[in-house]
Amino acid sequence: MSEQKQAQQHVVIVGAGMAGVQTAVALREQGFAGPVTLIGAEPHQPYDRPPLSKAILLGKAEDSAFEVDFEELRIELRLGLDVTGLRAADHEIDTEAGPVAYDTLVLATGAHPVTLPGAEGVPGVHLLRTLDDAVRLGPVLERRHSVVVVGAGWIGAEFATAAREAGCAVTVVEAADRPLAGALPAEVAAPMAEWYGANGAELLTHARVHTVEPGRVVLADGRELAADAVVVGIGARPATGWLGGSGIALDPSGAVTADDRLRTSLPDVYAVGDCASFPSARYGERLLVHHWDNALQGPRAVAAAITGAGDAPYDPVPYFWSEQFGRFVQYAGHHADADELLWRGDPADETWSVLWLRAGVPVALLAVGRPRDLAQGRKLIEAAVPVDPARAADPSVPLKAAVR
Ligand SMILES: Cc1cc2nc3c(=O)[nH]c(=O)nc-3n(C[C@H](O)[C@H](O)[C@H](O)COP(=O)(O)OP(=O)(O)OC[C@H]3O[C@@H](n4cnc5c(N)ncnc54)[C@H](O)[C@@H]3O)c2cc1C
């Protein structure tokens, strides 16, 4: 796009989280000269979410606002403003403060946490998605309340870690037979289940919540757990309800189905971050990635598509990290169609990793306290080069030296 043409194009971004902010920043980094408006429902200065379940929860950091000078970058910020609808035929969105016209629209509304049926509005029940949620949970940790965490996923494990560090009594209830059941196979999750007890948190698997009442959680098998506070961490769904009636294509999970340039089914409308899925040629399936790195890389692809700076398909090796029970856990890739799993090290030890192969080529890696494995493994996955399985399974051999 020529600079003159760009100067007349108004890009409107809905959602001022990581993906929305990074889209605005990437547009300027890539030389976009036109007006950029960033609209977010939350009243706070745009902030980063990962610290919410870590430093902010423990009171070690006050906030995690992005260090972005919006004024300097000529990004118009409209905060505390809910966008309620999209009328693509008019190139307009509706907000509580009236319609806003766009030339190009970027949807970056992220995800909402799934609530526990019947638990909404019960005193002492919390979610952990926003800065307000984390601030509300601060006193629970400070007063060392006894806490029941529902869900042994990434957020549940991180909250349990912080609550134990603060001195709370913590019980984690998980309906599946293991933590991270949706993310990792049983043999990999098994050693991670041990981390709970070793850190003084009780993990109850096969434990389904029947009801949540003030002060207690009743399980389906009749057991009752006393709880000053209940934290629900059972997943998140794309925040796309407001797009109802817009005609945009969504998948059954509610994610906007973007194409490999992150374009949606509507003209001049892109979608990025937790609210959108995209087809991955690398993995041969559509991916919906709810992790920070996707909300960093995706915006660069969107900005390149808008400015014309690049035309490569968006096909990343997904990456994320989690800090739980004193360990730094990292994952790169996608192991759904792997046909071989190699252990590097003993999972009873503090550090180990797992490499997934397909036809001898690395497709995913989980590293516990082995960041070098992660860095080297991620490159091998990106390059899709075959490895020698015997060398790749030897933790004393650097992964890059296992290439065949
Ligand atoms: C507590 C927590 C800890 C995490 N820790 C990690 C981690 O350690 N590692 C990792 O890889 N990932 C982590 N993540 C995931 C990561 O933070 C997300 O993937 C990332 O924030 C996604 O960015 P996003 O911009 O797509 O969505 P969001 O961050 O959800 O931002 C979307 C924004 O859009 C706004 N919005 C929604 N609907 C509307 C509307 N209709 N109108 C206006 N605004 C709207 C929302 O209010 C929100 O502010 C964590 C997430 C949470 C919640």
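Chemist: Would you mind going over the overall build of the protein chain in detail, with residue names and values included?
Modeler: A count of helical and extended segments in the protein chain gives eight helices and 26 strands. A compact globule built from 404 residues would reach a C-alpha radius of gyration of about 22 Å, and the protein chain, at 22 Å, matches this within 12%. C-alpha extents for the protein chain along the principal axes are approximately 60 × 60 × 35 Å. Here the protein chain holds 404 residues, and 51% of them are scored as buried. Counted over contacts in the protein chain with a minimum sequence separation of 6, partners at least 24 positions apart contribute 60%. Surface accessibility of the protein chain: about 17300 Å² in total, with carbon and sulfur atoms responsible for 50%.

Chemist: So what's going on with the sheet that holds strand β18 (residues 256–257)? Residues and values would help.
Modeler: Taking strand neighbours across the sheet as the criterion, the three strands line up as β18-β20-β21 in an open arrangement whose pairing is mixed. Of all the strands in the sheet, the pair left with one neighbour each is β18 and β21 (285–288). Of the pairings in the sheet, the one linking strand β20 (residues 276–280) to β21 comprises four bridges and is antiparallel in character. Opposite F278, over in β21, you have L287 as the bridge partner.

Chemist: Lay out the pattern of salt bridges with the relevant residues and their values.
Modeler: Under the definition given, this model contains 20 salt bridges. Residue E92 is joined to R87 by a salt bridge in which the shortest nitrogen-to-oxygen separation is 2.9 Å. Of the residues examined, E92 reaches a relative accessible area of 22% and is grouped as partly exposed. Classification of R87 as partly exposed rests on a relative accessible area of 29%. Ionic contacts of the salt-bridge type, sharing partners, join the residues R87, D90, E92 and D94 into one network.

Chemist: I'd like a description of the domain arrangement of the protein chain, backed by residues and values.
Modeler: For an interface, size is often stated in terms of accessible area lost upon the parts coming together. For the protein chain, the assigned domains read domain 1 (3–112 + 236–307), domain 2 (115–232) and domain 3 (326–402). Distance between the C-alpha centres of domain 1 and domain 2: 30 Å. Across the boundary between the two partners, domain 1 contributes 15 residues, which contact 15 residues of domain 2. For the pairing of domain 1 and domain 2, the buried interface totals around 1400 Å² over both sides, and the portion due to carbon and sulfur atoms is 62%. Of all residues in domain 1, the largest losses of buried area upon contact with domain 2 belong to S53, L57 and L58, amounting jointly to 40% of the total for that side. The interface formed by domain 1 and domain 2 contains three salt bridges.

Chemist: Go over the packing of aromatic side chains with me, naming the residues and quoting the values.
Modeler: Applying the stated criterion across every chain yields a total of nine aromatic pairs. Taking the centre distance of 4.7 Å and the plane angle of 55° together, the rings of Y196 and F325 count as tilted. Taken together, the residues Y196 in helix α5 (residues 186–198) and F325 in the loop between β22 (319–324) and β23 (327–333) connect sequence positions 129 residues apart. A ring pair is formed by W343 and W352, whose centres lie 5.4 Å apart and whose planes are at 50°; its orientation type is tilted. Grouped by ring-pair contacts, the aromatic residues W154, F320, Y331 and W356 constitute a single cluster.

Chemist: Can you break down unusual backbone geometry residue by residue, with the values?
Modeler: Despite not being glycine, F325 shows a phi value in the positive range, around 50°. Residue classification places F325 among the buried residues on the basis of a relative accessible area of 5%. With a phi close to 50°, A359 is a non-glycine residue in the positive phi region. The topology assignment puts A359 in the loop between β25 (352–358) and β26 (361–368).

Calculation notes
- Residues numbered from 1 in each chain as written.
- Predicted model: local features only at pLDDT ≥ 70, side-chain atom pairs only at ≥ 80, totals over all residues.
- Heavy atoms only, no water.
- Helix = DSSP H or I, 4+ residues; strand = E, 2+ residues; numbered from the N terminus.
- Rg over C-alpha atoms; globule rule 2.2 N^0.38 Å.
- Buried < 20%, exposed > 50% of the residue type's maximum accessible area, 1.4 Å probe, protein only.
- Contact = heavy atoms within 4.5 Å.
- Areas by Shrake-Rupley, 256 points an atom, 1.4 Å probe, with all protein chains shown as cover.
- Pairing = 2+ DSSP bridges.
- Salt bridge = Lys/Arg side-chain N within 4 Å of Asp/Glu carboxyl O.
- Domains from an automatic or database assignment.
- Buried area = accessible area lost by both parts, 1.4 Å probe.
- Phe/Tyr/Trp six-rings, centres within 6.5 Å; stacked < 30°, edge-to-face > 60°.

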